[in-house]
Amino acid sequence: MLSRFMSGPHPAKRRLVAMSSHLGNGPQNGGPTGPAGQTRAKVLTIDSMNPLVKKVEYAVRGPIVARATELEKELEKGVPKPFKQVIKANIGDAHAMGQKPITFLRQVISLCVNPDLLKDESFPADVRERARRILQGCKGGSLDDVMAVPLHTLLESHGIGSYSDSVGVEVIRKDIAAYIERRDGFPSDPDNIFLSTGASDAIKNCLHLLVAGSGKTRTGIMIPIPQYPLYSAAASQLDAHQVNYYLDEDNNWALDIAELERSVKEAREHCTPRVLCVINPGNPTGQVLSKKNVQEIIKFAAREHLFLMADEVYQDNIYADGCAFHSFKKTLFELGPEYAGLELASFHSTSKGYMGECGFRGGYMEVINMDPQVKLQLKKLVSTKLCPPVSGQATMDCVVNPPQPGEPSYESFIKEKTAVLKSLAERAKLVAETFNSIEGVTCNTVQGAMYAFPRIHLPPRAVEKAKSLGQSPDGFYALQLLEQAGICVVPGSGFGQRDGTYHFRTTILPQPDKLKIFMDAFTAFHNKFLQEYSD
């Protein structure tokens, strides 16, 4: 029908051609034409666009990942490759790597999305109660006796299909505050809780508040190296100074206070450091900070008059013996009145932990000691985005308000949660041990989080080859690993590393059967690579 419509000198065809030309599909170079038929210059070009956007880099979804997607499509078309599948170990997406969802979470969300299911008594009573509570909260109603609310009232509401308050549904903020109180043993005010589109959105909102000044007064953002590229990308987008401090690879990626002091002192020569970002457990390095280390960091931030941002999205992912999660808020409060005024923002997410619910984009930020006038500005800032996904907010509620002993879903929930974390701990140990058994690879213990960050000791000829191609040595290595073995990892240069060292980040998320394929294929590739480029 379309070919017939476009084939003859029909008036409609002429109108369509004219409209197409007006919209930017003109005869010359595919661009719009002016009255004289000449191509009109585009308003937005690579030269005229915002230069800060061009500075943004995000290696986790960079060109190697794009190539991995191309290879998947080529395999589907039957193009011969030296591997049967592409293993994407570049990103911490547990469900994409085969992890099964937690039943309780998915059941509650299902009822929130489709309230008609509340009538189905085959769902456990605690699942139905949680869903009713969230739906009633979305309506802004009383939560004194949720089960007393007539069911038809909830069924008539739009539930999670409607906007929520910009800071998040009140009942969910209250549940988050209660969770923090249980975890830390100190009060938490729901008014200090800001729900967000994953933790990433909250981190960027917080940095937006902190970046100001010009020249030597321009904000410096202290970022761990290696770091999660969100931080460097945000610094670039905000035109802030990135102030690097290096984690100690020889000491299992520990955070050394002397290194923080060096970093802040040198930075003050050209900017004004105002915020210290800490990731605990670490991404991409997998270290877990000791309580003493957390205390030292807080004291340093107070001494240097820094706002402290604590990225704690992996707080459930602790694997190594002797390691434990110590929240910055709890440790701050335990230090007593001398540090009571320190400004702190801490972050959590539904995407990591045992949940792995990345796609729902649920997260929150708790702010401590924030100036009341600044907090009003933060509320204004988040209101420009209307609200975080309400489905993500509901998912976060399930995380902070899980089944309790005696409730119908408790035993199955604990069984599933424990199995996920036990399996992750086993894979963390296996990955590090396997890397350390391979010539030319060293890997620190994966104490927590979801990643290993092994160091690859590349032969000089490989480094020279990479430079001759205009590639970073670890980028060259990662691309060869993908093309020859079908394994997609992220070069260490995308996270930052000390000069002269080369790494890559891989998740520990592939399920045990696929992880064995991964490690066997990696070992074969690496040995061949060393043989090819060794003198």
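Procedures and definitions
Residues numbered from 1 in each chain as written. Predicted model: local features only at pLDDT ≥ 70, side-chain atom pairs only at ≥ 80, totals over all residues. Heavy atoms only, no water. Helix = DSSP H or I, 4+ residues; strand = E, 2+ residues; numbered from the N terminus. Contact = heavy atoms within 4.5 Å. Areas by Shrake-Rupley, 256 points an atom, 1.4 Å probe, with all protein chains shown as cover. Core = buried A, V, L, I, M, F, W, Y, C linked by side-chain atoms within 4.5 Å. Buried < 20%, exposed > 50% of the residue type's maximum accessible area, 1.4 Å probe, protein only. Polar contact = N/O pair within 3.5 Å; in protein donor to acceptor, adjacent residues only side chain to side chain. Expected span 1.5 Å × (residues − 1). Disulfide = S-S within 2.5 Å. Pairing = 2+ DSSP bridges. Right-handed = clockwise from strand over helix to strand, strands pointing away.

Regarding the overall build of the chain
Right, so step 1: Each helix and strand in the chain was counted, giving 19 helices and 14 strands.
Right, so step 2: Put simply, of all contacts in the chain between residues at least 6 apart along the chain, 69% involve residues at least 24 apart.
Right, so step 3: In the form shown here, the chain has an accessible surface area of approximately 24800 Å², with 52% of it arising from carbon and sulfur atoms.

What about the nonpolar core?
Right, so step 1: One finds I176, I221, M309, F347, M365, F435 and F522 to be the most contacted residues of the largest nonpolar core, which totals 116 residues.
Right, so step 2: Of the residues forming this core, the biggest block, eight residues, is contributed by helix α16 (residues 410-436).
Right, so step 3: Among residues more than four places away in sequence, those in contact with F435 are V441, C443, A452, P454, F504, T506, F518, M519 and F522.
Right, so step 4: Residues Y245, L255, C271 and F328 belong to the second largest nonpolar core, which totals 31 residues.

Digging into the side chain of Q287
Right, so step 1: Residue position: Q287 is located in the loop between β5 (272-279) and α12 (291-303).
Right, so step 2: Judged by its relative accessible area of 5%, Q287 falls in the buried class.
Right, so step 3: Looking at Q287, its side chain comes within polar contact range of the side chain of T285, at 2.4 Å.

A word on α16
Right, so step 1: Taking 1.5 Å as the rise per residue, α16 with 27 residues should run 39 Å; its terminal C-alpha atoms sit 39 Å apart, in good agreement.
Right, so step 2: Those residues of α16 not exposed but buried are F413, V420, L421, S423, L424, R427, A428, V431, A432, T434 and F435.
Right, so step 3: Buried residues in α16 make contact with α5 (103-113), β9 (441-442), β10 (451-452), β14 (504-507) and α19 (512-533).

Some thoughts on unusual backbone geometry
Right, so step 1: Residues N280 and P281 are joined by a peptide bond in cis, for which omega reads -5°.
Right, so step 2: Note on placement: P281 falls in the loop between β5 and α12.
Right, so step 3: Note the cis peptide between N283 and P284, where omega equals 20°.
Right, so step 4: Residue position: P284 is located in the loop between β5 and α12.
Right, so step 5: A positive phi is found at R361, a non-glycine position, where the angle reads about 55°.
Right, so step 6: Looking at R361, the relative accessible area reads 30%, which means it is partly exposed.
Right, so step 7: Of note in this structure, A449 is not a glycine but carries a positive phi near 65°.
Right, so step 8: Take A449: it is sitting in the loop between β9 and β10.
Right, so step 9: By relative accessible area, A449 is classed as buried at 0%.

Regarding the state of the cysteines
Right, so step 1: Tallying each qualifying case throughout the model produces zero disulfides.
Right, so step 2: This cysteine, C138, is not joined by any disulfide, and C112 carries the nearest cysteine sulfur, 6.9 Å off.
Right, so step 3: Looking at C138, the relative accessible area reads 24%, which means it is partly exposed.

So, the pairing of strand β3 (residues 219-225)
Right, so step 1: Burial runs high along β3: seven of the seven residues are buried.
Right, so step 2: Because side chains alternate across β3, one face comprises the buried residues T219, I221, I223 and I225, and the other comprises G220, M222 and P224, equally buried.
Right, so step 3: Across six bridges, β3 lies against strand β4 (residues 241-246) in parallel orientation. Bridge pairing in β4 links P224 to Y245.
Right, so step 4: In this region the chain leaves β3, passes through helix α10 (residues 230-237) and returns to the parallel neighbour β4; the handedness of that crossover is right-handed.

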